[in-house]
Amino acid sequence: MAGDIDVVHAFVAPTAKVGADIPLHLTVMNRASEADALVRLRCPFANFSERVTVDKGGEGPPSKRPVQTIPVKAAGETALTPEGMHVMLLQTRQPLAAGERFTCQASFRKAGAMDVPVEVRASR
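Residues numbered from 1 in each chain as written. Predicted model: local features only at pLDDT ≥ 70, side-chain atom pairs only at ≥ 80, totals over all residues. Heavy atoms only, no water.

Now for the pattern of salt bridges. The tally for this structure, following the rule as stated, stands at 4 salt bridges. Between Asp 6 and Arg 31 there is a salt bridge whose closest N-O contact spans 2.6 Å. Linking Asp 6 in strand 1 (residues 5–12) with Arg 31 in the loop between strand 2 (22–30) and strand 3 (36–42), this pair joins segments that are 25 residues apart in sequence. Residues joined by salt bridges that share partners form a network here, namely Arg 101, Glu 119 and Arg 121. (Salt bridge = Lys/Arg side-chain N within 4 Å of Asp/Glu carboxyl O. Helix = DSSP H or I, 4+ residues; strand = E, 2+ residues; numbered from the N terminus.)

Structure (structure tokens):
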């Protein structure tokens with residue numbers, strides 16, 4: 001199953017601040033006929049990560065709510081963006097400059113763990 005999942009287009013925005021909380025943008029490509037779920041993501045430049053969804057219901061501005069896992073649909077793409085389900089990287093350990101690259105590790109319920117290249121760049 002590990003060969004059925006790829007994580008592509010992973011990036012974070014640059015930040016000069018240490019201790020920042022920043023969203024990780026990425027797309028999960030699943031070639032398997034079964035759905036999967038992202039259960040953990042670790043990056044060397046952040047102390048923690050949190051899987052969240054944006055709750056747009058109710059009154060007031062949208063709010064982020066933690067979720068246990070992020071579903072990955074079968075035979076397709078699942079985009080993680082700040083407008084929906086995504087991963088927040090919490091308490092960055094260093095400034096992040098455009099052009100830097102890091103390797104993070106994503107863990108999926110069925111596909112297992114894999115390295116994910118992450119680029120620091122402004123969103124396009």
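Structure shown, so let's carry the discussion forward.
On to the environment of Glu 59. Counting through the fold element by element, Glu 59 comes out in the loop between strand 4 (46–55) and strand 5 (63–66). Note on Glu 59: relative accessible area 82%, which makes it exposed. Considered as a pair, Glu 59 and Ala 16 are 43 residues apart in the sequence and their alpha carbons are 33 Å apart. (Buried < 20%, exposed > 50% of the residue type's maximum accessible area, 1.4 Å probe, protein only.)

Scanning all chains against the criterion turns up 1 disulfide. Between the sulfur atoms of Cys 43 and its disulfide partner Cys 104 the distance amounts to 2.0 Å. Residues Cys 43 and Cys 104 are joined by a disulfide whose S-S torsion is about 115 degrees; by sign, that bridge is right-handed. Linking Cys 43 in the loop between strand 3 and strand 4 with Cys 104 in strand 9 (residues 101–108), this pair joins segments that are 61 residues apart in sequence. Assigned by exposure class, Cys 43 and Cys 104 land together as buried. (Disulfide = S-S within 2.5 Å.)

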